[in-house]
Amino acid sequence: MTVRRVSSRTVGADASWPTGVVAYAAAVAVALVVLVTPTPAAAAPPYTLDERALAIASPSLAYVEVVYTGYLRDKRSSAPLRASPITFTRRCSGFVVGTGGEVITNGLCVRPAKDTAAQNALYSLGRILIAENSLEADALDRYVADNLRQSIFTGLEAADEPDHQVYGQLGVASTGGLTESPAIPGEVTEVLDADAGNIALVKLEQQNLPTVELASSGTLDPGASLVVVGYATDEVDPRTATYSLRSKPVKVIGTGTRGSASVYRVNEDVGIHSLGGMAIDTNGHVVGVLDNDLELPDRANRALVPMQTITALLAEAGVDNALGETDQLFRSGLDAYFAGDYETAISQLGTVVENSPVNSVAQTYRQNATELQKIEDSFSSGAGWLIWASGAAGGALVIGLIMLVVLLLQRRARRQLTSAEPVPPAAPYPFSPASGYPGQPTPGYPSAPAYPAQQPAREYPPAPIYQPSAPIYQPPAPAYQAPPAPRQGAAPDDQTWPDDEALPDEVGPDPHGPDRHH
């Protein structure tokens with residue numbers, strides 16, 4: 001009978017190729033259905049506790065600027081060092097604590113020590129002299145140091161205090177002598193000495209500013225997680241820079257003292273102009289005022305004036321830390337937003353923006369709620385069902401293509417099978433000549449029935465086995481060698497693990513271990 005052989009390489013390729021095509025097409029179908037099938041909007045947007053705390057408290061952060069004007073005089077003679085007045089500006093952060101425009105900030109920022117005021121004024125005078133070509137620019141520090149001990153900064157008369165004007169801004173703050181809106185004028189009403197708390201109370205001339213809540217508990221445990229918030233800038237010249245809010249998560253690392261006052265210490269800060277800013281907990285409540293940590297070489301703002309000092313100052317000034325109606329509506333709108341109730345959030349935060357335009361955070365979250373509401377509406381309308389139907393139709397189309405590919409591959413396989421070349425039967429021994437000799441049935445076994453199956457099988461006597469005239473060469477059987485035993489833990493894909501000698505004997509000391517000092 002005629003035996004037809006189909007190349008094993010071709011069969012293997014045909015077997016693997018349709019399988020790969022089918023698998024690939026199935027994956028495409030699933031991906032297409034997943035991509036086009038609408039996913040309902042989440043009930044609530046993902047957020048962190050720090051984000052929510054910042055959203056609640058950050059509208060109350062205030063940029064505080066105090067402009068001092070006076071005369072530099074010789075301490076002994078009281079003679080002015082210059083006939084014209086000298087002006088300098090001090091900048092720091094603060095936060096609104098009362099509906100009457102009351103702001104807590106740093107004490108030394110708004111009322112510097114006399115030596116500090118004289119130093120600031122000498123730097124301003126030195127810059128004037130540089131502009132007049134009366135002083136070299138690189139000699140400015142030396143000029144200030146040489147004149148500081150014998151100079152004093154006063155008002156119009158030697159016995160008068162220098163004049164000062166206070167301005168506050170919320171949101172992004174611009175400098176450069178801004179004295180009109182959005183700058184809000186104010187005055188310093190209370191100041192605690194540096195060794196007694198170093199905080200001050202400033203009253204701005206605008207009511208119903210966004211107000212922050214103070215924490216009810218005045219105790220912070222070591223390791224407590226907080227967020228410090230203050231103003232900062234990346235610009236080189238602070239006199240013309242723009243300042244914006246900066247925040248950073250911190251940990252309470254201990255306690256300290258400043259004179260008779262106790263302070264907490266944290267492990268991070270957000271820059272020199274955050275002085276007077278706030279530390280908040282995960283509820284958005286203030287737990288401390290940022291101050292210099294005098295135990296650090298750079299005196300970074302990593303000390304927190306505790307709540308007891310803040311509440312004592314407010315009680316003395318008769319200020320109640322109460323939220324106004326707009327503040328309460330703002331928090332209610334944020335609660336609705338973080339709960340996924342965008343319709344309520346849009347309505348309430350919209351009212352907040354109308355009543356308190358300086359609350360840029362309310363405007364931001366109202367816009368976020370509006371965008372999320374549009375997405376939610378698109379899937380609850382007919383457009384969402386249209387997208388779903390399109391996805392289902394696309395999935396059905398891809399499945400139909402898969403079936404078509406399978407049918408075509410099966411037809412191709414049958415065509416290759418019928419057109420395969422005839423080949424002689426395999427020799428009983430691999431070294432026996434096969435060409436030219438008819439195939440013989442194996443003795444003792446009946447021949448296969450003739451095709452078609454309806455015809456009765458015919459009996460064929462066994463044909464004589466061909467005997468070659470010369471003995472067939474019998475090569476020695478190859479000696480059996482057992483394959484090497486697989487190594488324990490051998491990697492897949494014929495990869496092997498490295499030699500034991502190449503592995504380190506032990507791990508060295510941890511560079512971030514307990515001996516490292518931060």
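Residues numbered from 1 in each chain as written. Predicted model: local features only at pLDDT ≥ 70, side-chain atom pairs only at ≥ 80, totals over all residues. Heavy atoms only, no water.

### A word on the overall build of the protein
Of the regular secondary structure elements, the protein holds 10 helices and 16 strands. Here the protein holds 518 residues, and 35% of them are scored as buried. For the protein, long-range pairs separated by at least 24 residues make up 67% of all intrachain contacts whose partners lie at least 6 apart in sequence. Counting every atom, the protein has about 31,600 Å² of accessible surface; 56% of that belongs to carbon and sulfur. (Helix = DSSP H or I, 4+ residues; strand = E, 2+ residues; numbered from the N terminus. Buried < 20%, exposed > 50% of the residue type's maximum accessible area, 1.4 Å probe, protein only. Contact = heavy atoms within 4.5 Å. Areas by Shrake-Rupley, 256 points an atom, 1.4 Å probe, with all protein chains shown as cover.)

### Quick look at the nonpolar core
Of all hydrophobic cores here, the largest spans 31 residues; its most connected members are Val64, Leu72, Val103, Val110, Tyr143, Phe153 and Val202. Secondary structure elements with two or more residues in this core: strand E2 (61-74), strand E3 (86-96), helix H3 (107-110), helix H4 (114-131), helix H5 (140-148), strand E6 (163-170), strand E8 (184-191) and strand E9 (199-204). Leu54, Ile104, Ile199 and Val212 belong to the second largest nonpolar core, which has 29 residues in total. (Core = buried A, V, L, I, M, F, W, Y, C linked by side-chain atoms within 4.5 Å.)

### Observations concerning the state of the cysteines
According to the stated counting rule, one finds one disulfide in the structure shown. Across the disulfide, Cys92 is cross-linked to Cys109 (sulfur-sulfur distance 2.1 Å). Between Cys92 and Cys109 the disulfide shows an S-S torsion of about -90°. By sign, it is left-handed. One end of the pair, Cys92, is in strand E3; the other, Cys109, is in helix H3, and 17 residues separate them in sequence. Comparing Cys92 with Cys109 shows no difference in burial state: the two are buried. (Disulfide = S-S within 2.5 Å.)

### Comments concerning helix H7 (residues 325-338)
Across its 14 residues, H7 extends 20 Å between first and last C-alpha, which sits within 8% of the 20 Å expected from 1.5 Å per residue. Within the span of H7, buried status applies to Asp327, Phe330, Arg331, Gly333, Leu334, Ala336, Tyr337 and Phe338. In the stretch just after H7, Gly340 is the one whose phi turns positive, near 85°. (Expected span 1.5 Å × (residues − 1).)

### Considering the confidence of the model for the protein
The predicted model of the protein averages 77 in pLDDT, with 64% of residues at 70 or higher. Scored below 50 in pLDDT, residues 32-42 shows 17 contacts in the model against residues more than four places distant or in partner chains. A low-confidence stretch, residues 420-461 (pLDDT under 50), is modelled with 24 contacts involving residues beyond four sequence positions or located in other chains. (pLDDT = per-residue confidence, 0-100.)

### Section: the pairing of strand E10 (residues 225-232)
Taken across its eight residues, E10 has seven buried, putting it largely inside the fold. Bridge count for E10 against strand E11 (residues 242-258) is eight bridges, and the pairing is antiparallel. Bridging from a neighbouring strand, Leu226 pairs with Val250 of E11. Across three bridges, the pairing between E10 and strand E13 (residues 278-280) is antiparallel. Bridging across to E13, Val229 finds its partner in Met278. (Pairing = 2+ DSSP bridges.)

### Remarks on the packing of helix H2 (residues 49-57) against H7
Interhelical geometry of H2 versus H7 gives an angle of 155° and a closest axis separation of 10 Å. Here H2 lies roughly antiparallel to H7, going by the angle between them. As H2 runs across H7, the sense of the crossing is right-handed. For the pair H2 and H7, the contacting residues are Glu51, Arg52, Ala55 and Ile56 in the first and Phe330, Arg331, Leu334, Asp335 and Phe338 in the second. The residue inventory of the contact of H2 with H7, partitioned by class, reads five nonpolar, no polar and four charged. (Axes fitted to C-alpha atoms, helices over the stretch in contact; angles between N-to-C directions. Parallel < 35°, antiparallel > 145°, perpendicular 65-115°, else oblique. Left-handed = near helix turned anticlockwise from the far one by under 90°. Nonpolar A, V, L, I, M, F, W, Y, C, P; charged D, E, K, R; others polar.)

### A few points about the packing of aromatic side chains
What characterises a pair of aromatic rings is the spacing of the ring centres plus the angle enclosed by the ring planes. Inspection of the entire model under this criterion finds nine aromatic pairs. A connected cluster of aromatic rings, assembled from ring pairs, spans Tyr47, Tyr337, Phe338, Tyr342 and Tyr365. (Phe/Tyr/Trp six-rings, centres within 6.5 Å; stacked < 30°, edge-to-face > 60°.)

### Focus on the side chain of Asp74
Relative to the helices and strands, Asp74 resides in strand E2. Buried within the structure, Asp74 lacks any salt-bridge partner; its nearest side chain of opposite charge belongs to Arg76, at an N-O separation of 4.0 Å. A polar contact is formed between the side chain of Asp74 and the backbone nitrogen of Arg76, at a distance of 3.0 Å. A polar side-chain atom of Asp74 sits 3.0 Å from the main-chain amide nitrogen of Ser77. Here Asp74 is in contact with Ala79, Leu81 and Gln150, once residues within four sequence places are set aside. (Lys, Arg positive; Asp, Glu negative; His and termini not counted. Salt bridge = Lys/Arg side-chain N within 4 Å of Asp/Glu carboxyl O. Polar contact = N/O pair within 3.5 Å; in protein donor to acceptor, adjacent residues only side chain to side chain.)

### Looking at the pairing of E9
Most of E9 sits out of view: five of its six residues are buried. Summarising the sheet, strand E4 (residues 102-106) and E9 pair through five bridges and their orientation is antiparallel. Residue Asn106 lies in a different strand from E9, and its bridge partner there is Ile199. Strand direction decides the pairing type here: E8 and E9, joined by five bridges, are antiparallel. Residue pairing for E9: Glu187 is matched across the bridge by Lys203.

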